[in-house]
Amino acid sequence: MIAVENLTKRYGAATVVNDVSMLIESNSITVIVGTSGSGKSTLLRMINRLIEPSAGQVLIEGKDTRAEPAHLLRRRIGYVIQGNGLFPHRTVAENIATVPRLLRWSSARVAARVDELLRVFQLDPGAYAQAFPHQLSGGQQQRVGVARALAAEPAVLLMDEPFGALDPIIRAKAQEDLLDIQRRFGTTIVLVTHDMDEAFLLGDRVAVMSQGRVLQYDRPTALLTRPTDPFVSRMTGLADRAMRLLSLTTAGEVAAPGGSSGPQVPAAASLRDALSEILWSGADSALVVDADGTPRGHLTLAAILAHGRPA
Amino acid sequence: MFARIDRLGALLSAAGAAALLWLPFVVVKANRIVPGEPRALFEVLPGAAALGCAAALLLAAVVAVGVPSARVRLAAAVIGISALALAVAAAGTALTPVGNKVVRIAAGAAFWVLLVCLGLMATDAITRLRPGPLRRILFLLIFLGVSVLALASGLFDHLSVMREYAVNAARFAHELRQHILLALGSLGAAAVVGLPLGVFCYRAPRLREGILGTLNVIQTIPAIALFGILMAPLGALAAAVPLAERFGIRGIGAAPAALALFLYSLLPIVANTVLGLRRVSRAAVEAARGMGMTNTQVLVRIELPLALPVILTGIRVVLVQNIGMVTVAALIGGGGLGTFVFQGIGQTAIDLVLLGAIPIVVLAFSAAVILDALVEVMDRAKR
């Protein structure tokens, strides 16, 4: 648990972050979303003290982050930035080994960890460990950036627009990978983005920021169905909020017993995708199947539509 | 093979041919100071030898104009240079009466023009071969090694420059050492001071303008003037502190020369350190800090290694500049190869000037080749 308490950052007369308090749950992904200049990056960097707050404090597992020198704190917190910030003069393996080396792990342990991470991120150690960053594609560089941040097994991972520089197809893959990584390592992830779709896709909880304040901090569904501020509604989008809501529920969750002559949709697909399938096929229901193809139940148009409005 | 006419080759061949036709190949002087009589290539060598040399030069010209292959061009240039060197050596031997130590046979204008033309052809061919940094250093070592061996062989001993060398051999070694010592010593001191100063300028932008501005002003002071400016305070220091004088710190001599060179060296090193650090990717530095490196670790592990190629470029500028500038140090008793240059000018003995000037050019050229190669090796590793 990360407790952000009355955090404020002022630069001269300008208040960039204004009295922000929020509780970030462990083993979850929290997304801070806002327009540029909303203070979201400043808020993130105050968590690992790259920026020192003007007022307020941050507690990680109940411990004040100011209790130890900032650089020691940062070695325990993973950090990923847009454009990955890989060290161009160091190999992929050396890049990933950065924090473990700072922590003086034994070289055998470092080597084993680097090897493990390269495999987790689908980079063949034989081909990529000794490569230099400029020899990798953008997507591979991004994966190395995340692997490097996770190298010393941090409990907390901070990500500042990590997928901003990627093209849409690679970005979608990177987002899926991040969800897998979070499940695998149980890391507490705090991610900053300006992209609402990304926030809804990744966030267990989403904080909407504007002009230095957190306007609403809640589950994505609540942001859609019970916005507390007109700005939140504008950010989430009024025109397609029903579709966004559908995208937050999977077909498997709604499937009812029974068969269907309509199209097959995977249980993991969102209701939005299932609706699209049904509309395209001209049927009025779909057959929900598990990953291995066994039928789980059916999904009617009416059941989908019922989830497209506030409960 | 004869694809089309090479423009540079045509120009070099024309210049070489014109020089051979209208300029003296060697100059014969009754003694070291009197004006000499010009002699053409065919006047000074027995027919077969002159024909052989002319044939080698013709081959080089034909290749220069019509053969695109860089290897063939390099080989032809090397053959041409060798023939030229052997011809001038043979002319020296042929024109010197046995036992005569007074007569001077000097290479004439045609020789120098041809040497420059063939040298340009060779370096152009080497550039076209695009050798890696290590191979370029290898080429340089071969060139230096062959030159030293050729000079040591005694083949050229009858030429006037070598006569001057024979007379001044002990002093030559001493002044060469002094020259290198002054150039490298002031560079070393400037690096020790300039690197931290550059880092400081980078970190403190407010003071940057002032420091770089001051160093810029120093650069604009002519060397002779700077020696003069330094003479007074160093002389006063020597008079006031006997210990200082015992360590060679005086108004004239090596101390003001070294100090002036040091001051000149600071600007390129400080400016390039700042430039190199500014070019380092912001994202890499941000990531390094974000992962828990201390400021020192960020500087030593990330910023300086990434800025190193640019810093080395500054050091290359300084070294080549210093090797040239040390020459002037001879004027205030600083020693170095400039001693021969100014002595030669004073005595109107052009051979003595060349004895100082040729090694200075070779030193500066070698320093440039070696440091360029070093910069490239670094740049390749740190991309």
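Here the residue numbers are simple positions, counted from 1 along each chain's written sequence. Chain A is the first chain written and ligand 1 is the first ligand written, with later ones labelled in order. This being a predicted model, a pLDDT of at least 70 is required before a residue's local features are given, and a value of 80 or more before pairs of side-chain atoms are given or counted; all residues contribute to the totals for chains, interfaces and linings.

Participant: Got a minute to help me understand the overall build of chain A in this structure?
Facilitator: Only DSSP runs of H or I with at least four residues qualify as helices, and only runs of E with at least two residues qualify as strands; both kinds are numbered from the N terminus onward. Secondary structure assignment for chain A yields 15 helices and 13 strands. Only C-alpha atoms enter the radius of gyration, while the globule expectation follows 2.2 Å times N to the 0.38, with N the number of residues. Taken against the 2.2 N^0.38 rule, which gives 19 Å for 311 residues, the C-alpha radius of gyration of chain A at 21 Å falls within 12% of a compact globule. Any residue whose C-beta has 12 or fewer other C-beta atoms within 10 Å is treated as exposed, any with 20 or more as buried, and any in between as partly exposed, C-beta atoms being built from the backbone. Taking all 311 residues of chain A together, the buried fraction comes to 42%. Residue pairs qualify as contacts under a 7 Å threshold applied to their C-beta atoms, which are placed from the backbone. In chain A, the proportion of contacts linking residues at least 24 apart, taken out of those at least 6 apart, comes to 62%.

Participant: What should I look at first to understand the sheet that holds strand 1 (residues 26-29) of chain B in this one?
Facilitator: Picture the strands of a sheet paired through backbone hydrogen bonds; they go either parallel or antiparallel. Residues and elements named next belong to chain B. A pair of strands is labelled paired if DSSP reports no fewer than 2 bridges between them. With antiparallel pairing, 3 strands are arranged side by side in an open sheet as 2-1-3. On the outer flanks of this sheet lie strand 2 (37-39) and strand 3 (104-107), each paired with one strand and no other. Ignoring strand direction, the axes of neighbouring strands in this sheet form an average angle of 30°. Pairing of strand 1 with strand 2 involves 3 bridges; the strand directions are antiparallel. Paired with Val 27 across the strands is Pro 38, a residue of strand 2. All axes here are fitted lines through C-alpha atoms, helices being fitted over the stretch that makes contact, and every angle between N-to-C directions spans 0 to 180 degrees.

Participant: Would you mind going over the interface of chain B and chain A with me for this structure?
Facilitator: Accessible area lost on assembly of the parts is the figure often given for the size of an interface. Contacts between the two partners involve 17 residues from chain B, matched on the other side by 18 residues from chain A. Put simply, the parts of the chain that give the side of chain B that touches chain A at least two residues each are helix 12 (282-290) and helix 13 (295-329) of chain B. No other element matches helix 12 of chain B, which puts 6 residues into the side of chain B that touches chain A. Split by residue class, the side of chain B that touches chain A holds 9 nonpolar, 4 polar and 4 charged. Each residue is assigned to one of three groups, with Ala, Val, Leu, Ile, Met, Phe, Trp, Tyr, Cys and Pro labelled nonpolar, Asp, Glu, Lys and Arg labelled charged, and all others, Gly among them, labelled polar.

Participant: Just to check I follow, could you spell out the domain arrangement of chain B for this structure?
Facilitator: Delimitation of the domains relies on an automatic or database domain assignment. Each assigned domain of chain B is listed with its residue range as follows: domain 1 (7-130) and domain 2 (167-381). Relative to domain 2 of chain B, the C-alpha centre of domain 1 of chain B lies at a distance of 37 Å.

Participant: Explain helix 5 (residues 107-120) of chain A here, please?
Facilitator: Because an α-helix completes one turn every 3.6 residues, residues spaced three or four positions apart along the sequence face the same direction. The length a helix should cover is 1.5 Å for every residue beyond the first. Spanning 14 residues, helix 5 of chain A covers 20 Å between terminal C-alpha atoms, matching the ideal 20 Å at 1.5 Å per step. Of the residues flanking the end of helix 5 of chain A, it is Gln 122 of chain A, one or two places downstream, whose phi is positive at about 55°.

Participant: So what exactly am I meant to see when it comes to the sheet that holds strand 5 (residues 63-64) of chain A here?
Facilitator: Residue and element names in this part refer to chain A. The 4 strands are arranged 2-1-4-5 in an open sheet whose pairing can be described as antiparallel. Sheet topology places strand 2 (14-24) and strand 5 at the edges, where each strand pairs with a single neighbour. For strand 4 (residues 55-60) and strand 5, the ladder comprises 2 bridges, and the chain directions are antiparallel. Across the sheet, residue Ile 60 finds its bridge partner in strand 5, namely Lys 63.

Participant: How do you make sense of the confidence of the model for chain B when you look at a structure like this?
Facilitator: Should the pLDDT be low somewhere, the predicted coordinates at that spot are not to be read in detail. Residues and elements named next belong to chain B. Summarising the model, chain B shows a mean pLDDT of 88, and 98% of its residues fall at 70 or more. Every residue carries a pLDDT, the predictor's confidence in it, which falls somewhere between 0 and 100. Mean pLDDT per element in chain B: helix 10 (residues 242-246) is the minimum at 73, and helix 12 is the maximum at 94. Scored as a complex, the prediction yields pTM 0.80 and ipTM 0.85.

Participant: Explain the packing of helix 12 of chain B against helix 13 of chain B here, please?
Facilitator: A pair of packed helices can be characterised by two numbers: the angle between their axes and the separation between those axes. All names here are of chain B. Contact pair helix 12 / helix 13: the axes reach a minimum separation of 10 Å and the direction vectors enclose 150°. Crossing of helix 12 over helix 13 shows right-handed handedness. Facing helix 12, whose interface residues are Ala 284, Val 285, Ala 288 and Arg 289, helix 13 presents Val 298, Ile 302 and Glu 303. Crossing handedness is read from the near helix: turned anticlockwise from the far helix by less than a right angle, it gives a left-handed crossing, and turned clockwise, a right-handed one.

Participant: Explain the environment of Thr 249 of chain A to me, please; I cannot follow it from the model alone.
Facilitator: All names here are of chain A. One can find Thr 249 in the loop between helix 12 (241-247) and helix 13 (251-254). When the 17 C-beta atoms within 10 Å are taken as the criterion, Thr 249 is described as partly exposed. Distance in space between the C-alpha atoms of Thr 249 and Gly 62 is 34 Å, their sequence separation being 187 residues. Leave out the neighbours within four places in its chain, and Thr 249 touches Val 254, Ser 270, Leu 271 and His 307.

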